[in-house]
Amino acid sequence: MASGTGSHGHGNKENQDWSKILGEWNTVREFKNIHWEGTFWEYLDIVKQDAGVTRNSFQRMYDMVLGYGTSSYIEYKKTIVRYKFFEDPIENGKDAVFGLDVPLMKLVHFFKSAAFGYGTEKRVLLLHGPVGSAKSTIARLLKKGIERYSHSNEGAMYTYRWVDDTGSGILGAQTSVRCPMQDEPLKLIPESMRDKLIEELNRGNKTPYKVEIKGDLNPFCRFVMREFMKKYDGDWVTVIKKHIKVERLLLSEKDRIGIGTFQPKDEKNQDSTELTGDINYRKIAEYGSDSDPRAFNFDGEFNISNRGIVEFIEVLKLDVAFLYDLLGASQEHRIKPKKFAQTDIDEVILGHTNEPEFRKLQNNEFMEALRDRTVKIDIPYITKLKEETKIYEKDFNAAKIKGKHIAPRTIEVAAMWAILTRLEQPKKANLSLLQKLKLYDGKTLTGYTEDNVKELRKEAIREGLDGISPRYIQDKISNALVSDKAGDVGCVNPFMVMNEIEGGLKHHALIGSDEKRREYKEMLAVVKQEYEDIVKNEVQRAISADEDAIAKLCSNYVDNIKAFTQRERVKNKYTGQDEEPDERLMRSIEEKIDIPESRKDDFRREIMNYIGALAIEGRTFDYKTNERLHKALELKLFEDQKDTIKLTSLVSNVVDRTTQEKIDVVKTRLIKNYGYCEICSTDVLNFVASIFARGDVKKRS
Ligand SMILES: Nc1ncnc2c1ncn2[C@@H]1O[C@H](COP(=O)(O)OP(=O)(O)OP(=O)(O)O)[C@@H](O)[C@H]1O
Ligand SMILES: [Mg+2]
Ligand SMILES: [Zn+2]
């Protein structure tokens with residue numbers, strides 16, 4: 001066959017040379033690199049060069065996380081380290097974890113302490129938190145991270161296979177069998193020779209860890225080793241030379257190599273073989289005995305996870321007998337397969353459990369034992385609005401919701417409600433829950449210092465452990481996206497999502513009482529009110545985003561305050577007459593940012609001093625550098641234009657042409673600068689118009 005260059009008559013003259021494009025990925029070199037195979041002696045050379053290849057599972061986990069780098073920031077006067085690894089650089093942020101820097105720091109400390117053998121390596125790591133608080137996400141990240149690490153140069157690790165073409169039958173009918181628990185090759189070294197060799201390997205070891213050989217071979221390899229030793233009259237060197245090949249160990253969750261997951265099924269139906277392996281009945285015939293380790297499948301979750309990590313989902317659902325196995329596994333680093341002696345393991349044991357499940361067992365005496373042998377890390381819900389918003393922005397970004405639009409602020413209001421449900425009522429009577437939310441989000445509020453906010457956090461004991469889970473919000477946003485109201489090329493606005501949220505409350509399984517339900521509904525009303533304020537502000541800004549007009553207003557204001565502070569008169573640009581400074585104009589601007597009459601002199605002088613200082617340096621004043629003045633000008637301009645633009649006429653549906661033109665300008669600004677689309681910009685203008693219309697009515701009555 002010709003290798004196909006346009007010979008199929010599709011008229012495509014520029015067929016691509018796929019083999020070349022794909023060849024550039026150079027899979028061969030990569031393949032050869034990660035599929036290295038060599039002798040045991042070559043492996044010792046590798047260890048001598050880089051002792052890091054012998055690191056245990058905790059050491060690798062710690063180094064892996066650290067390898068992605070860190071950054072740090074100060075919060076409540078404490079330095080918080082952020083580990084980039086948890087932003088999921090491996091999959092472009094797919095499993096990124098937000099707003100949990102402090103618990104994640106504890107998690108990394110656990111690995112660090114375990115890596116250096118300070119004790120946590122003997123504990124079960126227990127992630128505990130309310131449902132949907134990212135426990136599984138964190139576990140997924142760690143599993144994926146350690147898998148990727150084993151494929152990299154820094155994370156290279158090794159195991160061995162037995163080979164035999166002598167026809168001895170020691171490997172049964174096979175000529176090559178990989179160590180069934182992918183053990184570290186150094187374990188092949190007999191106890192009596194270890195100390196010397198370790199000393200040698202540690203000489204010049206540049207890693208922070210000592211090379212160690214911990215534990216014995218697994219039952220299969222111990223048996224095979226014994227048989228070969230018999231065959232060669234105890235000549236270990238010959239056994240190793242003739243029958244051992246060392247190879248790269250590549251962890252793989254899919255292939256169940258070094259990465260395992262265990263989820264208890266039916267409580268009555270739990271079987272220890274799922275954890276520690278089972279007899280292979282077909283092979284018993286071949287080897288003649290059920291205590292021959294060659295007739296055993298080392299495929300329990302603990303076996304296959306050796307050298308990596310095993311995750312226990314809903315760990316407290318495990319049968320109590322198993323839980324003791326689990327505690328033993330972590331404390332002794334040993335498991336007990338049926339009919340065989342204890343078997344050494346080296347793996348991170350990570351369990352998670354949600355808050356309701358944990359509470360159920362709280363009074364169980366077994367929990368005493370468990371508490372003592374676990375390191376529990378609380379993974380709470382996020383209580384910072386900015387961080388919570390990131391979860392949904394990740395889920396519902398433009399690429400994922402193809403063809404549909406989510407109106408600005410939609411995600412924000414949903415996140416806001418979620419957080420309100422999680423916060424504890426502040427003890428201070430004059431602080432509302434919404435204000436507390438804003439303080440947590442880093443906003444300033446008169447009378448509240450950073451210390452006060454820290455106090456607030458401290459007084460709330462269960463904050464972040466109750467309330468609505470991100471999963472509920474994710475579902476409701478999804479519902480809104482597919483509902484008829486959003487249409488095929490439609491746009492989802494905050495009201496649609498809030499309606500979905502409200503509708504779902506009736507059936508929410510985790511809301512215990514009608515009282516709670518009512519409380520959550522009231523919070524929704526709070527969020528609606530807040531949304532009104534936000535969009536009112538946003539539309540106002542869009543209306544007054546006319547920079548020329550602001551600049552003109554600014555220069556007018558500055559002329560006036562200059563005259564005022566220097567006790568001069570101002571020249572009227574139209575009449576050419578000198579006039580008194582326009583007090584009404586100045587005040588109408590200053591009032592927008594709450595400058596009281598008694599402070600106006602200071603404010604005006606401050607601005608003039610600033611302008612004067614700039615002038616000395618030969619620079620001119622730009623109102624944008626003064627945030628307060630900028631805001632005051634915008635608000636004033638809006639007030640002036642509000643009536644000329646007749647936004648409220650939108651409500652009555654009779655819009656004349658000039659008004660329509662003005663409104664269209666604002667609409668275009670909303671679309672261009674504020675992320676609105678054709679649909680939601682119209683919606684939001686109508687909505688804000690109705691608020692103003694309401695306001696007018698209120699004023700009149
Ligand atoms: N802090 C967070 N950062 C990023 N995503 C989060 C966070 N908290 C929750 N999520 C998102 O919420 C969803 C639920 O998370 P996950 O499945 O990890 O929770 P879980 O704690 O394992 O829940 P469960 O207790 O029900 O098993 C996921 O889509 C996850 O991405
Ligand atoms: Mg989970
Ligand atoms: Zn839209």
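Scroll up to find the structure.
Residues numbered from 1 in each chain as written. Chains lettered and ligands numbered in written order. Predicted model: local features only at pLDDT ≥ 70, side-chain atom pairs only at ≥ 80, totals over all residues. Heavy atoms only, no water.

Overview of the sheet that holds strand S14 (residues 348–354)
Now for step 1: Strands sit in the order S8-S11-S14-S4-S15 across an open sheet of 5 strands; the sheet is parallel. Here the strands that pair on one side only, and so sit at the sheet edges, are strand S8 (259–262) and strand S15 (374–378). Each neighbouring strand pair of the sheet contributes to a mean axis angle of 20 degrees, computed without reference to strand direction.
Now for step 2: As paired strands, strand S11 (residues 309–312) and S14 are joined by 4 bridges and run parallel to one another. Paired with Phe312 across the bridge in S14 is Gly351. (Pairing = 2+ DSSP bridges. Helix = DSSP H or I, 4+ residues; strand = E, 2+ residues; numbered from the N terminus. Axes fitted to C-alpha atoms, helices over the stretch in contact; angles between N-to-C directions.)

Let's talk about the site of ligand 1
Now for step 1: Within the structure, ligand 1 sits among 18 residues, and Phe98, Gly132, Lys135, Ser136 and Thr137 are positioned closest to it.
Now for step 2: Taking Ala134, its main chain carries an N or O atom lying 3.1 Å from an oxygen atom of ligand 1.
Now for step 3: Residue Ser136 places a side-chain N or O atom 2.7 Å away from an oxygen atom belonging to ligand 1.
Now for step 4: For the shell around ligand 1, the secondary structure elements donating two or more residues are helix H6 (135–151), helix H16 (385–395) and helix H20 (470–482).
Now for step 5: Looking at the shell around ligand 1 residue by residue, the classes come out as 9 nonpolar, 6 polar and 3 charged.
Now for step 6: In this structure, the shell around ligand 1 is formed jointly by two domains, domain 1 (31–380) and domain 2 (385–511), each of which donates at least three residues. (Near = heavy atom within 4 Å. Polar contact = N/O pair within 3.5 Å; in protein donor to acceptor, adjacent residues only side chain to side chain. Nonpolar A, V, L, I, M, F, W, Y, C, P; charged D, E, K, R; others polar. Domains from an automatic or database assignment.)

Quick look at the environment of Ser598
Now for step 1: If you trace the backbone, Ser598 turns up in the loop between helix H24 (583–590) and helix H25 (600–616).
Now for step 2: Residue classification places Ser598 among the exposed positions, given a relative accessible area of 67%. (Buried < 20%, exposed > 50% of the residue type's maximum accessible area, 1.4 Å probe, protein only.)

Quick notes on the coordination of the zinc ion (ligand 3)
Now for step 1: For the zinc ion (ligand 3), the protein coordination sphere consists of His405 (ND1), Cys491 (SG), Cys677 (SG) and Cys680 (SG), at 2.0 to 2.3 Å.
Now for step 2: For the zinc ion (ligand 3), the 4 donor atoms in the first shell make angles of 104 to 118 degrees at the metal, so the coordination geometry reads as tetrahedral.
Now for step 3: Summarised as a motif, the one-chain spacing of the donors to the zinc ion (ligand 3) is H-x85-C-x185-C-x2-C. Pair noted here: His405 is in strand S16 (residues 405–406) and Cys677 is in the loop between helix H28 (657–674) and helix H29 (678–700), with a separation of 272 residues, a long-range link.
Now for step 4: Under the relative-accessibility criterion, Cys677 is labelled buried at 17%. (Donors = N, O, S within 2.8 Å, 3.2 Å for Na, K, Ca; no water. Tetrahedral: all angles 85-135°; square planar, octahedral: opposite > 155°, others 65-115°.)

Some words on the sheet that holds strand S7 (residues 244–248)
Now for step 1: With antiparallel pairing, 4 strands are arranged side by side in an open sheet as S1-S7-S5-S6. Only two strands of the sheet have a single neighbouring strand rather than two, namely strand S1 (37–38) and strand S6 (176–178).
Now for step 2: Alignment of strand S5 (residues 158–163) against S7, held across 5 bridges, turns out to be antiparallel. Bridging from a neighbouring strand, Arg161 pairs with Lys245 of S7.

Regarding the packing of aromatic side chains
Now for step 1: For the structure shown, the criterion picks out 23 aromatic pairs.
Now for step 2: Their ring planes at 40 degrees and their centres at 5.4 Å tell us that Tyr68 and Phe85 sit as a pair that is tilted. Pair noted here: Tyr68 is in the loop between helix H4 (57–67) and strand S2 (70–75) and Phe85 is in the loop between strand S3 (78–83) and helix H5 (101–115), with a separation of 17 residues, a long-range link.
Now for step 3: A residue is classified by how much of its surface remains accessible, and Tyr68, at 28% relative accessible area, is partly exposed.
Now for step 4: Residue classification places Phe85 among the buried positions, given a relative accessible area of 0%.
Now for step 5: Taken together, the ring pairs connect Trp36, Tyr43 and Tyr158 into an aromatic cluster.
Now for step 6: The ring of Tyr440 is capped by Arg457, whose NZ or CZ atom sits 3.8 Å from the centre of that ring.
Now for step 7: Positioned above the aromatic ring of Phe564 is the side chain of Arg604, whose terminal nitrogen or guanidinium carbon lies 4.4 Å from the ring centre. (Phe/Tyr/Trp six-rings, centres within 6.5 Å; stacked < 30°, edge-to-face > 60°. Lys NZ or Arg CZ within 6 Å of the ring centre and 35° of its normal.)

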